[in-house]
Amino acid sequence: LPKEQPYRTAYHFQPLKNWMNDPNGPMYYKGVYHLFFQHNPYAPVPRNIAWGHSISYDLVNWVHLEPAISPSEPYDINGCWSGSTTILPRGKPAILYTGVDLNNSQVQNLAMPKNASDPFLREWVKSPHNPLMSPVDDIDRSDFRDPTTAWQGPDKVWRVIIGGRINALGMAFLYQSKDFVNWTRSNKPLHSSTKTGMWECPDFYPVRINSQNGINNFAQDKFTKHVLKASFNGQDHYILGNYIPQTDNFSIEYDFMETGFDLRYDYGKFYASKTFYDSAKKRRILWGWVAESDTALDAIIKGWAGIQSFPRSIVLSANGRQLVQWPINEIEKLRTNNVSFEGKELEQGSVFEVSGITASQADVEVSFDLPNLSETESIDPNQVDPQQLCSQKGASTNNGTGGPFGLLALASKDLTEQTAVYFRIFKRDGKHVVLMCSDQSRSSLREGLEKPIYGAFVNMDPNDRKISLRSLIDHSIIENYGGEGRTCITARVYPKLAIDKEAHLYVFNNGTLNVRISKLNAWSMKRAQLVPY
Ligand code: FRU
């Protein structure tokens, strides 16, 4: 590996080197957290995909083990692709994964631990019955993959869904089994959509109404709703609905890509994610792949490509209409060097440095009091694309709205490099409308990088008088949680100047209206341990 690694993360999960994409089969087993991931052990390019495997006691510090499964058999020789784990009733875990077979068809396979009493689960044995599910009839053999965690209905029959497509219809195929080995496809998919194309990495799980606790994949009653997530168009989209296990009927509130109600886990770089139920702490945790936005050649120079988001707890919002995410509390053990202040007024044009922390490796929480509604511009959020609005309005101009105000992260001292993460406030029907943007266009003086501008609205309660932002800054990633985690935007950036000690953090306001920081807390972050076994 090259000595200088300004973009390598300090507390976001990565293997020691080479390629990583999707998180696979996360679980808690016998006191140990497991994370598997799509991994090329030999090079920083997406080939020879195996299941990388790492373990942890706290989801922060990790030990890397040998890959759990690697291509070896006719049914997976061209790749061990994404899948999930299921803890079977007697407590044994099982892996269901996609194999790319000799003919490049995608099939679904099973692997079991060689020794289930080993909490590290170092060795896995592929089932002699593989492949268990093959793309027959109308299923496209190259778009049939990524089994979810399975669940058992009240009839004790197992269910699992597989991502795929029939012609232009993206869908979640539903399969059933009595013994986890012999699976039959139900003639009705769990759900499908004409607006999406192929669904990768579906996820399907219950969330509790009015509760911060998670719930296991089997549970379902009048206190739960179900989430269906599908990965397509480079983004993780989700819908909410009611699932009836007796009939496998999933009735939804809004469909994928509905105008004015397009829900995503994250409106930046975040894909192929997966949740699991953490029985130790009764919560549901989300992992997502955050790809690079530099080039394939940069990956060769760095010797690695791909990181995971920080693990996020995921719950239903109090109004039941969306999910809310937040970095798991364990992150706090990495915090050091707190800087904090309250009640600071920011006039138009203020740029205020948050000094005293390592700005390249930080956790920042800031809360702003919203400006007076009567003076802000009107807007109908159903008529505009938030991402476009972020591009048009920008971080430096003001046309009579509240803001832009927010953070300049991974900024150089002279501000020629900066990633602006900010809000703009509009009004609609006498209520606040909050736009959240993450603008990478000035993030680096380097050429040849993707430098997108991301944007999304933050749903507001009519009584909200403030808006908060939490940013996890880690060398080449900025993970942003707006409005207590109601809107998340993750970005990758590769500054030339603003690296390590040359990185700075600022709070700014370019709106004509004053903005008040009600509270700001920032911490330097320690490096997490990521070590080989
Ligand atoms: C999503 C994905 C999956 C597939 C895997 C291959 O990023 O394309 O659909 O199983 O990656 O690595």
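Residues numbered from 1 in each chain as written. Predicted model: local features only at pLDDT ≥ 70, side-chain atom pairs only at ≥ 80, totals over all residues. Heavy atoms only, no water.

S.K.: Would you mind going over the confidence of the model for the protein chain with me for this structure?
M.R.: Reading fine detail from the predicted coordinates is not recommended where pLDDT is low. When pLDDT is averaged along the protein chain, the result is 95, and 99% of the positions lie at 70 or above. Listed scores for the predicted complex are pTM 0.97 and ipTM 0.99. (pLDDT = per-residue confidence, 0-100.)

S.K.: Please explain empty space enclosed by the protein as it appears in this structure.
M.R.: Rolled over the atoms, a probe with the dimensions of a water molecule shows which regions are left empty. A complete count under the given rule lists 3 cavities of 30 Å³ or more for this structure. Taken as a whole, the largest cavity spans an internal volume of roughly 60 Å³. As for the largest cavity, its lining consists of Y238, I239, L240, E253, Y254, F261, L263 and R321. Tallied by class, residues from the lining of the largest cavity come to 6 nonpolar, no polar and 2 charged. (1 Å grid on protein atoms, 1.4 Å probe; cavity = no way out; pocket = protein on both sides within 12 Å on 5 of 7 lines; lining within 4 Å. Points joined across faces, edges and corners; volume = space filled by probe spheres on them. Nonpolar A, V, L, I, M, F, W, Y, C, P; charged D, E, K, R; others polar.)

S.K.: What am I meant to see in the site of the ligand here?
M.R.: What surrounds the ligand is the set N21, D22, Q38, W81, S82, R145, D146, E200, Y271, A272 and W289. A distance of 2.7 Å separates an oxygen atom of the ligand from a polar side-chain atom of Q38. At 2.7 Å from an oxygen atom of the ligand is found a side-chain nitrogen or oxygen belonging to R145. Summarising the interface, the protein chains cover 89% of the accessible area of the ligand, which totals 320 Å² for the free molecule. For the shell around the ligand, the secondary structure elements donating two or more residues are β1 (18-29), β5 (80-87) and β19 (271-278). Among the residues forming the shell around the ligand, the class breakdown is 4 nonpolar, 3 polar and 4 charged. (Near = heavy atom within 4 Å. Polar contact = N/O pair within 3.5 Å; in protein donor to acceptor, adjacent residues only side chain to side chain. Areas by Shrake-Rupley, 256 points an atom, 1.4 Å probe, with all protein chains shown as cover. Helix = DSSP H or I, 4+ residues; strand = E, 2+ residues; numbered from the N terminus.)

S.K.: Sorry, what's going on with helix α2 (residues 386-393) here?
M.R.: Where α2 is concerned, the buried positions are P386, L389, C390 and K393. Along the long axis of α2, the arc covered by the buried residues comes to 100°, so they all point the same way. Among the structural elements, β29 (419-428), β30 (431-439) and β31 (453-458) are those in contact with the buried residues of α2. At the N-terminal end of α2, a side-chain oxygen is found 2.9 Å from the backbone nitrogen of Q387, two or three residues along, and the residue is D385. G394, located one to two residues past α2, shows a positive phi value of around 70°. (Buried < 20%, exposed > 50% of the residue type's maximum accessible area, 1.4 Å probe, protein only. Arc of directions from axis to C-beta. Contact = heavy atoms within 4.5 Å.)

S.K.: What am I meant to see in the state of the cysteines here?
M.R.: By definition, a disulfide is the covalent link that joins the sulfur atoms of two cysteine residues. For the structure on display, the rule yields 1 disulfide. Between C80, a free cysteine, and C201, which holds the nearest cysteine sulfur, the sulfur-to-sulfur gap is 15 Å. Classification of C80 by relative accessible area gives buried; the value is 0%. (Disulfide = S-S within 2.5 Å.)

S.K.: Even after reading the chapter, I still don't get a nonpolar patch on the surface, so can you show me in this structure?
M.R.: On the surface, L297, I300 and I301 cluster together into a nonpolar patch covering about 320 Å² of accessible area. Given a relative accessible area of 58%, L297 falls into the exposed group. (Patch = residues over 30% accessible without salt bridge, like charges linked within 9 Å, V, L, I, M, F, W, Y side chains within 5 Å. Salt bridge = Lys/Arg side-chain N within 4 Å of Asp/Glu carboxyl O.)

S.K.: Can you help me understand the sheet that holds strand β4 (residues 62-69) in this one?
M.R.: Hydrogen bonds between backbone atoms are what pair the strands of a sheet, whose relative direction is either parallel or antiparallel. Read across the sheet, 6 strands follow the order β21-β1-β2-β3-β4-β37 without closing on themselves; strand pairing throughout is mixed. In this open sheet, the two strands that pair with only one neighbour each are β21 (304-305) and β37 (530-532). (Pairing = 2+ DSSP bridges.)

S.K.: I tried to follow the packing of aromatic side chains on my own but got confused; where do I start?
M.R.: Within a pair of aromatic rings, the relevant descriptors are the distance that separates the centres and the angle that separates the planes. The final tally for this structure, using the stated rule, is 33 aromatic pairs. Note on W158 and F180: the rings are 5.0 Å apart at their centroids and 90° apart in plane angle, and the pair reads as edge-to-face. Here the residue W158 occupies a position in strand β11 (residues 158-166), and F180 occupies one in the loop between β12 (169-177) and β13 (183-185), the gap between them amounting to 22 residues. Note on W158: relative accessible area 4%, which makes it buried. Residue classification places F180 among the buried residues on the basis of a relative accessible area of 5%. Counting every residue linked through ring pairs, the aromatic cluster contains F13, F37, W62 and W287. Lying over the aromatic face of W304, K302 brings its terminal NZ or CZ to 4.4 Å of the ring centre. Residue placement shows R470 over the ring face of W326; its charged tip is 5.0 Å from the ring centre. (Phe/Tyr/Trp six-rings, centres within 6.5 Å; stacked < 30°, edge-to-face > 60°. Lys NZ or Arg CZ within 6 Å of the ring centre and 35° of its normal.)

S.K.: I tried to follow the side chain of H432 on my own but got confused; where do I start?
M.R.: Tracing the backbone shows H432 in strand β30. Polar side-chain contacts of H432 include one of 3.3 Å to the backbone oxygen of P371. Leave out the neighbours within four places in its chain, and H432 touches L370, P371, L373, I425, F426, M460, D464 and R465.

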